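Okay, here's what each chain looks like letter by letter:
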Amino acid sequence: MRRLIIGVVLVGLCAAPVPVLAQSAGNLELNLFATGSWHGENKFEIGFPQAVTPIQQSFKLKQGLGGGVRLNVFNSGHWGEEFVYSYENNNARFITQTAPGSELELGMQIHQFSVNTLYYIDSDESLTVRPFFVFGIGGALYRPTDEAKGIARDPLRGNLPGFRESAQMAFS
């Protein structure tokens, strides 16, 4: 898996200058991009009344690769807007640390989107590099696969009846 990630990143870096990945027309610019994610672990405990003896568990999304599209609208001077969408295929991991210990992986799709306003520090649009500040709003949709939902509902395999689609809002 590590070789696959390194290979995809290297191919992406080599292909980045290809004109097809960034097209512009007038005040619009369209970019395709690849993403990589490293998620943190969330530890929790299942206690009474669901379990007489507390059960130590953790939840973590695996490292993942994805891609997306970015539409940038250049306005004159200091201001611009961007619209971003990305998709990642991933696995949600539920790990039980309490003996005997177990791990359950369920397939998941992650859709992320945002609408941002850009403030360019320098208003000269002819510059090759233009640093900017960004602020905006977005969100993420976590959607389990049909197979993952079936496993989660099955008391003998997943026993996670509340495992379903969820969404989160984000500010940048």
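In this report, the structure presented in the accompanying data block is examined. (Residues numbered from 1 in each chain as written. Predicted model: local features only at pLDDT ≥ 70, side-chain atom pairs only at ≥ 80, totals over all residues. Heavy atoms only, no water.)

1. Considering the pairing of strand β8 (residues 132-144)
Right, on to step 1. With 13 bridges joining them, strand β7 (residues 102-120) and β8 adopt antiparallel strand pairing. Across the sheet, the residue bridging to Ser114 is Gly138, located in β8.
Right, on to step 2. Taken together, the six bridges between β8 and strand β9 (residues 166-171) define a ladder with antiparallel strand orientation. For Gly138, the partnering residue across the bridge sits in β9 and is Ala170. (Pairing = 2+ DSSP bridges. Helix = DSSP H or I, 4+ residues; strand = E, 2+ residues; numbered from the N terminus.)

2. Some points on a nonpolar patch on the surface
Right, on to step 1. Where nonpolar side chains cluster on the molecular surface, the patch consists of Leu28, Leu30, Leu71, Phe83, Val115, Ile137, Met169 and Phe171 and spans about 750 Å² of accessible area.
Right, on to step 2. Under the relative-accessibility criterion, Leu30 is labelled partly exposed at 40%. (Patch = residues over 30% accessible without salt bridge, like charges linked within 9 Å, V, L, I, M, F, W, Y side chains within 5 Å. Areas by Shrake-Rupley, 256 points an atom, 1.4 Å probe, with all protein chains shown as cover. Salt bridge = Lys/Arg side-chain N within 4 Å of Asp/Glu carboxyl O. Buried < 20%, exposed > 50% of the residue type's maximum accessible area, 1.4 Å probe, protein only.)

3. Observations regarding the packing of aromatic side chains
Right, on to step 1. This structure, assessed with the given rule, holds five aromatic pairs.
Right, on to step 2. Consider the rings of Phe94 and Phe163, whose centres lie 5.7 Å apart with planes at 80°: the pair is edge-to-face. Highlighted residues: Phe94 in strand β6 (residues 79-96) and Phe163 in the loop between α2 (146-153) and β9, separated in sequence by 69 residues. For the pair Phe94 and Phe163, a shared accessibility class is recorded, and that class is buried.
Right, on to step 3. Among the aromatic residues, those joined into a cluster by ring pairs are Phe59, Phe94 and Phe163.
Right, on to step 4. A cation over an aromatic ring shows up here: Arg130 above the ring of Tyr120, its NZ or CZ 3.9 Å from the ring centre. (Phe/Tyr/Trp six-rings, centres within 6.5 Å; stacked < 30°, edge-to-face > 60°. Lys NZ or Arg CZ within 6 Å of the ring centre and 35° of its normal.)

4. Side note on the side chain of Ser58
Right, on to step 1. Here Ser58 shows up in strand β4 (residues 55-61).
Right, on to step 2. Dropping the residues within four chain positions of it, Ser58 is found in contact with Glu41, Asn42, Lys43, Phe44, Arg93, Phe94, Ile95 and Gln97. (Contact = heavy atoms within 4.5 Å.)

5. Focus: the environment of Glu81
Right, on to step 1. Locating Glu81 in the fold gives a position in strand β6.
Right, on to step 2. Taking C-alpha positions, Glu81 is 5.6 Å from Leu118, a pair spaced 37 residues apart along the chain.
Right, on to step 3. Discounting residues that sit within four places of it in the chain, Glu81 has contacts with Leu71, Asn72, Val73, Asn75 and Asn116.

6. Quick look at the nonpolar core
Right, on to step 1. With 13 residues, the main nonpolar core has Leu61, Ala92, Phe94, Leu106, Met108, Tyr142 and Phe163 as its most contacted residues.
Right, on to step 2. Listing elements by their share of this core, those giving two or more residues are β6, β7, β8 and α2.
Right, on to step 3. If one sorts the elements of this core by residue count, β7 sits on top with four residues.
Right, on to step 4. Among all residues touching Met108, those that are not within four sequence positions of it are Leu61, Glu88, Asn89, Asn90, Ala92, Tyr142, Arg143, Pro144, Thr145 and Phe163. (Core = buried A, V, L, I, M, F, W, Y, C linked by side-chain atoms within 4.5 Å.)

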